[in-house]
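# Coordinate inspection notes
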Amino acid sequence: MSKQAEKYLETDEWSIIERGFHKEKNAVSESLFSIGNEFCGVRGYADEGVTAPTLQGCYFNGVYEWAREANETAYKGITDRGHYMVNAVNPIATEIRIDGVKLDTGKCRLENYIRRLDFRSGEFVRSFTVITNKGCVGFKFTRFLGMTDFRTLYQRIEINTDYPAEIQLCAGLDFGTRHGGKRGRWTKVHSSSDGLVCLAVGKTQSTNQYIASFQSVNLSSEATIESTRTPLSVGIKIIKRVNGAFIFTKRVTSFVDKTGERGVSVANGKPSSVPFEIALAENKKYYADFWKSSDIVIDGDPENQQGIRFCIFQLQQTYHGVAPDDNIGAKGLTGEAYGGHAFWDTETYCLPYFLFNNASAAKDLLLYRYNTLDNARRRARQLDCDGACYPIATLNGDEACTLWQHASLQFQPSTGVAYGVMHYVNVSGDEDFLVNYGLEMLLEISRFLRSRGEYGADGRFGYFCVMGPDEFQMMVNHNCYTNYMAKKTFEYTVSCFEKYGLKFGATDEELAAFKECAEKMYIPYDERTKLFEQHDGFFRLPHVSVKDIPVTDFPLYHHWSYDRIYRNDMIKQPDVLMFMLLFGGDFSFEQKKANYEYYEPRCIHESSLSPSVHSILASELKKHGEALGFFGFAARLDLDDYNRNTCEGLHTTSIAAAWLNIVYGFGGVRSDGQALVINPSIPEIWRGYSFKLNYHNSLITVAVSKDKAVISVDGSVEAVVCGKRTVLSGTQEFQI
């Protein structure tokens, strides 16, 4: 792999630590040190602002704006207007002056600069000492978001001086935030201030969504206080001569109206009164309980231990089932790249983590798709098709991608939703969900897939002019992933309606048509070589040696002309290997080996989703060295900025894939069949590892050492372990 790590963080198993201010990496650090709780996410930017690469970002899940300009000349089927997650109120807007000089860590003389994010409390802490011409002033900034009282953010600033320093501290709520480097899209509709308490209400300009934020401040000692106000902000100025210690504590409670119906009534919300110390203690308890059931322990590899805990922590910050109208954006709530949109990754990469750690959250993710089914129906009609076509990128359920080659050619979201329904029901056993919600989604997706597919001149069914997961191949015929996933969707839909009866307007004639589409689906496969051809003609494309591409060319979209990317057999991310992972039980060891060895050398891993898929299959194929290498890349993709774009936000769905990498890769777990499979292996450099699964209301703990796996279950579970069918109960030992 040509990509290289850029390491500047300390290795710590329960936190990430930046020691010394790395000015050139500041925007990267802001992404890494983001805090969130699904309701809201705040990047790890300096409270007081900084002269350095920076993206001051605070985002509320589901709060979005329409693109400024509609594409009035768009052809039918091409999205004429996108939407995006908008940078919201800055709840910790702060300005500090020391003896009249503005605090700016990009300019001031500093000592002992440390930035830390604790996985056991959710605390983000920055501390440093400023050297002035009169003496030293120490600062410690702490912030966290409540995980139970999720509407509230806490900020504390501790100041220590060794001389009488004149400190001015302005603290407010600012809707004058910038998005994409441009002035934001907020109108302040109301503000008020009364001593140490103030309120600001903002409204988006095109979607009429509202945010009301209440600020309440406590001071450790008396100070002079003045109100401050601008057209888009409200706050207070604190003036204090500090000779020793002074503590400023702020609590911000926010309420959101995403419907545009209640308007300023969000200002009637009741702000939190929970003190800083109690809220922090609640957070620590929340995370202690969380880690008991979700931790992954690696013995003998501290860097990857840090990496996987960072991934799990960020997953929990991003989503845990606060509301069924939330989803998981590709950057979570940590940046503005991809517009905050949810992609097909949710059902294929993220859902398994929640299936085995938080089944109710997994259900909510699928309910989001059910609640936007009408949007998907409209999208299918725009494409001259029947049924429902789920968008490639969305926040509100509508297609937000204005690139026709993605929005009109990629059907992974639709087959991904069908796969998610299938996977959820298989793991949870929740047949009520299938009957009440899943069947309707499956029917509409199958109707779309039937109407979008065609029978070729040879009588075989398939998809023409499409783009599969490998986005380096456009307008291809019979993309193998698309055809295979559609075939499985048809088969599952038919089997479900045959079991539960005709519902939602389904007819026997439709089911017969779905069955015929599945039976006549063209799957490009060579029995002699055991290779699935990624699409018709792929084997005849010019070859590019990906190992010869210099690291300075990454990311390729920034350094190669757009059309150059499409003219060869280089793969952006796994395509054939992806469906062989999702339906692993359908393929033999020999088929997986042949396709892995053919496609892996052609993959450039330009997608952050790519390394984990390769690592999981490498583990299954007993290529343990390759598996570990890919895992390190996946688990530390953002920590070590492999793709040189962490500054734009974290790769949240890749973070979920890193969890898959441990559980499905080294743990050998498979959940696409009738029984849970556990077939563990262990990397050579590890002394041991363990992970936990919540499965059929039982907590399963799998602890693996060099020669055995010890599996403990707090109930009874049927499974296939190390190739043998067994009933797991209590604690059992298996040789590996």
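Everything that follows concerns the structure shown earlier in this document.
Here the structure is a predicted model, which means the values were calculated and not measured.

Thresholds, definitions, all that
- Residues numbered from 1 in each chain as written.
- Predicted model: local features only at pLDDT ≥ 70, side-chain atom pairs only at ≥ 80, totals over all residues.
- Heavy atoms only, no water.
- Helix = DSSP H or I, 4+ residues; strand = E, 2+ residues; numbered from the N terminus.
- Rg over C-alpha atoms; globule rule 2.2 N^0.38 Å.
- Buried < 20%, exposed > 50% of the residue type's maximum accessible area, 1.4 Å probe, protein only.
- Lys, Arg positive; Asp, Glu negative; His and termini not counted.
- Charge placed at Lys NZ, Arg CZ, Asp CG, Glu CD.
- Pairing = 2+ DSSP bridges.
- Phe/Tyr/Trp six-rings, centres within 6.5 Å; stacked < 30°, edge-to-face > 60°.
- 1 Å grid on protein atoms, 1.4 Å probe; cavity = no way out; pocket = protein on both sides within 12 Å on 5 of 7 lines; lining within 4 Å.
- Points joined across faces, edges and corners; volume = space filled by probe spheres on them.
- Nonpolar A, V, L, I, M, F, W, Y, C, P; charged D, E, K, R; others polar.
- Axes fitted to C-alpha atoms, helices over the stretch in contact; angles between N-to-C directions.
- Contact = heavy atoms within 4.5 Å.
- Left-handed = near helix turned anticlockwise from the far one by under 90°.
- Core = buried A, V, L, I, M, F, W, Y, C linked by side-chain atoms within 4.5 Å.
- Arc of directions from axis to C-beta.

### Notes on the overall build of the protein
Summing up its helical and strand segments, the protein has 17 helices and 31 strands in all. The C-alpha radius of gyration computed for the protein amounts to 26 Å, which stays within 12% of the reference 27 Å derived for 736 residues, consistent with globular compactness. When the backbone C-alpha atoms are referred to their principal axes, the protein occupies close to 85 × 60 × 50 Å. Across the 736 residues in the protein, those meeting the buried criterion constitute 63%. Taking the 79 positively charged and 90 negatively charged side chains of the protein as two groups, their mean positions are separated by 4 Å.

### Side note on the pairing of strand β11 (residues 136-145)
Of all 10 residues that make up β11, eight are buried, and the element is covered over most of its length. Examined bridge by bridge, strand β10 (residues 124-131) and β11 share eight bridges and lie antiparallel to one another. Residue V130 lies in a different strand from β11, and its bridge partner there is V137. The antiparallel hairpin formed by β10 and β11 contains four residues in its connecting segment. Sheet topology note: the β11/strand β12 (residues 152-161) ladder contains nine bridges and is antiparallel. Across the sheet, F144 pairs through a bridge with Y154, a residue of β12. Following β11, the chain reverses through six residues before pairing antiparallel with β12.

### A closer look at the packing of aromatic side chains
According to the stated counting rule, one finds 59 aromatic pairs in the structure shown. Taking 5.5 Å as the distance between ring centres and 80° as the angle between the ring planes, the aromatic pair formed by F631 and F666 counts as edge-to-face. With F631 in helix α16 (residues 624-635) and F666 in helix α17 (residues 652-666), this residue pair connects regions lying 35 residues apart in the sequence. Note on F631 and W686: the rings are 5.9 Å apart at their centroids and 75° apart in plane angle, and the pair reads as edge-to-face. Of the two residues, F631 sits in helix α16 while W686 sits in the loop between β27 (676-678) and β28 (688-695), which places them 55 residues apart along the sequence. A relative accessible area of 0% means that W686 is categorised as buried.

### So, the layout of surface pockets
Empty space among the atoms becomes visible once a probe the size of a water molecule is rolled across them. Put simply, the largest pocket is a space of about 1200 Å³. Lining of the largest pocket is provided by 44 residues; of these, A337, Y338, F343, L403 and K572 occupy positions nearest its centre. Mapped by element, the contributors of at least two residues to the lining of the largest pocket are β6 (83-85), α12 (556-559) and α17. By residue number, the principal contributor to the lining of the largest pocket is α17, which donates three residues. The residue makeup of the lining of the largest pocket, split by class, is 16 nonpolar, 17 polar and 11 charged. Around the second largest pocket, the lining comprises 32 residues; the ones closest to its centre are Q56, N90, A93, T94 and D174. Only β7 (90-98), β13 (165-174), β14 (178-179), β19 (224-230) and β20 (233-242) provide two or more residues apiece to the lining of the second largest pocket.

### Comments concerning the sheet that holds β10
Here we have nine strands laid out as an open sheet, ordered β1-β9-β10-β11-β12-β21-β18-β17-β16, and antiparallel in their pairing. Both edges of this open sheet fall to β1 (15-19) and β16 (186-194), since each of them pairs with a single strand only. With strand direction ignored, the average angle separating the axes of adjacent strands in the sheet is 15°.

### Some details on the sheet that holds strand β3 (residues 40-42)
One open sheet accounts for three strands, arranged β2-β3-β4; its pairing is antiparallel. Strands with a single pairing partner mark the edges of an open sheet, and in this sheet they are β2 (35-36) and β4 (58-60). Bridging between β2 and β3 involves two bridges; their strand directions are antiparallel. Looking at β3, one finds that G36 is bridged to G41.

### A short note on the environment of E30
Looking at the element boundaries, E30 is found in helix α1 (residues 26-32). For the pair E30 and Y463, spaced 433 residues apart in the sequence, the C-alpha separation amounts to 43 Å. Ignoring anything within four residues of it in the chain, the contact list for E30 reads R43, G44, Y45, P53, T54 and L55.

### Observations regarding the packing of helix α10 (residues 480-500) against helix α11 (residues 508-519)
Direction vectors running N to C along α10 and α11 enclose 145°, while the axes themselves pass 8 Å from each other. For the element pair α10 and α11, the recorded crossing hand is left-handed. Taken together, the residues of α11 that come into contact with α10 (itself represented by K487, F490, E491, T493, V494, F497 and E498) are L511, F514, K515, C517 and A518.

### Re the nonpolar core
Core analysis: the biggest nonpolar cluster contains 176 residues, and L32, F60, F490, F579, W659 and I662 have the highest contact counts within it. The residues contacting L32, other than those within four sequence positions of it, are Y8, L9, I16, L117, F310, Q314, D638, L639, T646 and L650.

### With respect to empty space enclosed by the protein
For the structure shown, the criterion picks out seven cavities of 30 Å³ or more. By volume, the largest cavity is sized at about 130 Å³. Taken together, 13 residues make up the lining of the largest cavity; nearest its centre are Y419, H423, L581, L582 and Y664. Secondary structure elements with two or more residues in the lining of the largest cavity: α4 (345-357), α8 (412-428), α13 (576-582) and α17. The element best represented in the lining of the largest cavity is α13, accounting for three residues. For the lining of the largest cavity, the class distribution of residues is eight nonpolar, three polar and two charged. Estimates place the volume of the second largest cavity at around 100 Å³. Lining the second largest cavity are 17 residues; nearest its centre among them are N61, N327, G329, G340 and L395.

### Focus: the pairing of strand β9 (residues 110-118)
Relative to β9, β1 runs antiparallel, the two being bridged by five bridges. Bridged to R19 within β9 is I114. As paired elements, β9 and β10 share six bridges and run antiparallel to each other. Residue L117 lies in a different strand from β10, and its bridge partner there is F124. Between β9 and β10, which pair antiparallel in sequence order, lie five residues; one of them, G122, sits at a positive phi of approximately 80°.

### Structural notes on helix α6 (residues 373-382)
The periodicity of an α-helix, 3.6 residues per turn, causes residues three or four places apart in sequence to face the same way. Taken together, the buried positions of α6 are L373, N375, A376, R377, R379 and A380. Summarising the contacts, the buried residues of α6 are in contact with α5 (359-371), α7 (404-407) and α9 (431-452). One or two steps after α6, the chain reaches D384, where phi turns positive at roughly 60°.

### Observations concerning helix α14 (residues 589-599)
Those residues of α14 not exposed but buried are Q591, K592, N595, Y596, Y598 and Y599. With its buried residues spanning 165° around the axis, α14 presents them on a single face. On the buried face of α14, the contacting elements are β25 (525-526), β26 (531-532), α13, α15 (610-620) and α16.

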